[in-house]
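Chain by chain, the residues:
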Amino acid sequence: LGDKQVTVVFVLGGPGSGKGTQCANIVEHFGFTHLSAGDLLRAEIKSGSENGTMIQNMIKEGKIVPSEVTIKLLQRAMLESENNKFLIDGFPRNEENRAAFEEVTKIVPEFVLFFDCSEEEMEKRLLSRNQGREDDNIDTIRKRFKVFVESSLPVVEYYNSKSKVKKIDAGKPINEVFEDVKGIFSLFA
Ligand code: UP5
Ligand code: MG
């Protein structure tokens, strides 16, 4: 990232697996800065950027926004931050995201935290979230699950083949999941 040295952990897992929830806990205990790719894209829509409408349409369909857009937002956030430890939540979502991020930033993740959760449980969580997300309806949720299995799981497999994946059972209550997460970050820090 230019001459800024950074430590990056990718936080991956299906829609509603608890990425955002656990990242908030990690920030509190381990001094990382949380960068949710989805949050950055939603902020971009709100800011009225020229890509806003395109991003909004893609999120509504559960599709993956072109990597150049997402990578630019992530790069900018890392450069603007005082911190050098980042949790990148919900990215990379496909092979192209992964390869382009490596190519553009030269950043290799320290490890990948993978939240493993059943679709049944994730669906239940998303339908009761009630935060007004345009993609939290059953039609879009089904599309998000399909894209996750077809495009995002292969990225987890790629890192698994490099022994970089730390898999967590994310189907348990929030505090129990965080106990397992703490175990991983304590070893690391
Ligand atoms: N909850 C959390 N943990 C729980 C637990 N252990 N037990 C019971 N309940 C639990 O949690 C979801 C809900 O479940 C919350 O109400 C929470 O309280 C509860 P949350 O922590 O928000 O889960 P998270 O995994 O963050 O779910 P999210 O919906 O954010 O995941 P997505 O991956 O679907 O969403 P994201 O924001 O990353 O992406 C949205 C869209 O943006 C994508 O579909 C895509 O269109 C686009 N996008 C890109 O194109 N490119 C990117 O790089 C990123 C996003
Ligand atoms: Mg999230």
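Criteria and thresholds
Residues numbered from 1 in each chain as written. Chains lettered and ligands numbered in written order. Predicted model: local features only at pLDDT ≥ 70, side-chain atom pairs only at ≥ 80, totals over all residues. UniProt positions renumbered as here; feature names shortened; annotations may be inferred. Pairing = 2+ DSSP bridges. Helix = DSSP H or I, 4+ residues; strand = E, 2+ residues; numbered from the N terminus. Axes fitted to C-alpha atoms, helices over the stretch in contact; angles between N-to-C directions. Parallel < 35°, antiparallel > 145°, perpendicular 65-115°, else oblique. Contact = placed C-beta atoms within 7 Å. Nonpolar A, V, L, I, M, F, W, Y, C, P; charged D, E, K, R; others polar. Buried ≥ 20, exposed ≤ 12 C-beta atoms within 10 Å, placed from the backbone.

As annotated in an unreviewed UniProt entry, the protein chain carries the name UMP-CMP kinase and comes from Phoenix dactylifera. Taken directly from UniProt, the Sequence similarities (unreviewed entry) text for the protein chain runs: "Belongs to the adenylate kinase family. UMP-CMP kinase subfamily." Taken verbatim from the UniProt record of the protein chain, the Subunit (unreviewed entry) comment is "Monomer."

Trainee: Describe the sheet that holds strand 1 (residues 7-13), naming the residues involved and giving the relevant values.
Mentor: The five strands are arranged 2-3-1-4-5 in an open sheet whose pairing can be described as parallel. The two strands at the open ends of the sheet, each matched to only one other strand, are strand 2 (33-36) and strand 5 (165-169). Each strand axis lies, on average, 20° off the axis of its neighbour in the sheet, ignoring direction. As defined by bridge partners, strand 2 adjoins strand 3 (residues 85-89) across four bridges and the pair is classed as parallel. Within strand 3, the position partnered with S36 by the bridge is D89.

Trainee: How would you summarise the packing of helix 2 (residues 37-46) against helix 4 (residues 67-80) if you had to cite specific residues and measurements?
Mentor: Look at helix 2 against helix 4: their axes get within 10 Å of each other, and the N-to-C directions meet at 100°. Judged by the inter-axis angle, helix 2 sits roughly perpendicular to helix 4. Touching A37, L40, L41 and E44 of helix 2 are T70, L73, L74 and A77, all from helix 4. Along the lines of polarity and charge, the residues of the contact of helix 2 with helix 4 split into six nonpolar, one polar and one charged.

Trainee: I'd like a description of the environment of L87, backed by residues and values.
Mentor: Examined against the element boundaries, L87 turns out to sit in strand 3. We classify L87 as buried; it has 23 C-beta atoms within 10 Å. Taking the C-alpha atoms as reference points, L87 and H34, separated by 53 residues in sequence, lie 4.9 Å from one another. When neighbours within four sequence positions are excluded, L87 is seen to be in contact with V9, V11, C23, I26, F32, H34 and L35.

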